Amino acid sequence: GTGTANKLDDYEEGTWTPAIATAGGTLSVTFAERTGKYTKIGNVVYYEFYIETSGFSGGSGNITFSAFPFTAQAGRGAIGLATGSRIALGLESAAIIPNQNATTFKIRIKNSTGTGTSDNLTTLDASDWSNHNPTILYGSGHYRTDA
């Protein structure tokens, strides 16, 4: 149709550069490569990323990834999947969870020591990221934004 309701009013494609931080300590990361791409259609952002590190030392606690191209909306409905090489992602692919009202995200992995339905998920930790050369993480997903 040709009516206003049938027109796409917001479409954008672009790139972003993912970054890594830890909850504590002084993190030193050497990136061999890191790239991100996105497509925004209306208020939904579809993304993909690739991170390859040749060095990762220091830092402690949960890893937070940053630099999503748009702030994630509060509420549920956003998820992605990640996988990698030489990184402890548990027994299966890991879930990418955007932080609400932020441009950051965390990765939740299956903890093989858990016994219940909710206590066997944990946030990717600095100790899960090995210092083998290279360590690779890539993923894709979507989230909603108010932008």
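As enumerated under the stated definition, the model contains one salt bridge in all. Between Asp10 and Lys40 there is a salt bridge, with its nearest N and O atoms 2.3 Å apart. Placement of the pair is Asp10 in the segment before strand E1 (11–16) and Lys40 in strand E2 (residues 19–41), with a sequence separation of 30 residues.

Attention now goes to the pairing of strand E3 (residues 44–66). Pairing geometry for E2 and E3, over 19 bridges, is antiparallel. Each residue of the ladder has a partner; that of Thr39, found in E3, is Tyr46. Counted along the chain from E2 to the antiparallel partner E3, the turn is two residues long, and its residue Gly42 has a positive phi close to 65 degrees. Both E3 and strand E8 (residues 135–144) contribute to a ladder of 10 bridges, which runs antiparallel.

Locating Thr53 in the fold gives a position in strand E3. Not counting residues within four places of it along the chain, the set of residues in contact with Thr53 comprises Ile20, Val29, Thr30, Phe31, Ala32, Trp129, His132, Pro134 and Thr135.

You can call Asp10 partly exposed: its relative accessible area is 23%. Note: C-alpha distance between Asp10 and Ile41 (31 residues apart in sequence) is 5.8 Å. If we skip the residues at most four places from it in the chain, Asp10 touches Lys40, Ile41, Gly42 and Ala147. Among the polar contacts made by the side chain of Asp10, one reaches the side chain of Lys40 at a distance of 2.3 Å.

Before going further, it helps to examine the pairing of E1. For E1 and E2, the ladder comprises six bridges, and the chain directions are antiparallel. What sits directly across from Glu13, in E2, is Thr39. Between E1 and E2, which pair antiparallel in sequence order, lie two residues.

One finds Phe49, Phe65, Phe105, Ile107, Leu124, Trp129 and Leu137 to be the most contacted residues of the largest nonpolar core, which totals 25 residues. Breaking this core down by element, the ones donating at least two residues are E2, E3, strand E5 (94–98), strand E6 (105–110) and E8. No other element matches E3, which puts seven residues into this core. Ignoring any residue separated from it by four or fewer positions in sequence, one finds Trp129 in contact with Ile20, Ile51, Thr53, Phe56, Ile63, Phe65, Ile87, Leu124, Thr135 and Leu137.

The final tally for this structure, using the stated rule, is 13 aromatic pairs. On the numbers, 4.7 Å between centres and 55 degrees between planes, the contact of Tyr47 with Phe68 is tilted. Here the residue Tyr47 occupies a position in strand E3, and Phe68 occupies one in the loop between E3 and strand E4 (79–85), the gap between them amounting to 21 residues. Phe68 carries the same exposure label as Tyr47, and that label is buried. Taking the centre distance of 4.6 Å and the plane angle of 20 degrees together, the rings of Phe68 and Tyr143 count as stacked. Note that Phe68 is positioned in the loop between E3 and E4 and Tyr143 in strand E8, a separation of 75 residues in sequence. Look at Tyr143 and you get buried, because its relative accessible area is 0%. A connected cluster of aromatic rings, assembled from ring pairs, spans Trp16, Tyr47, Phe49, Phe56, Phe65, Phe68, Phe105, Trp129 and Tyr143.

How each quantity is defined
- Residues numbered from 1 in each chain as written.
- Predicted model: local features only at pLDDT ≥ 70, side-chain atom pairs only at ≥ 80, totals over all residues.
- Heavy atoms only, no water.
- Salt bridge = Lys/Arg side-chain N within 4 Å of Asp/Glu carboxyl O.
- Helix = DSSP H or I, 4+ residues; strand = E, 2+ residues; numbered from the N terminus.
- Pairing = 2+ DSSP bridges.
- Contact = heavy atoms within 4.5 Å.
- Buried < 20%, exposed > 50% of the residue type's maximum accessible area, 1.4 Å probe, protein only.
- Polar contact = N/O pair within 3.5 Å; in protein donor to acceptor, adjacent residues only side chain to side chain.
- Core = buried A, V, L, I, M, F, W, Y, C linked by side-chain atoms within 4.5 Å.
- Phe/Tyr/Trp six-rings, centres within 6.5 Å; stacked < 30°, edge-to-face > 60°.

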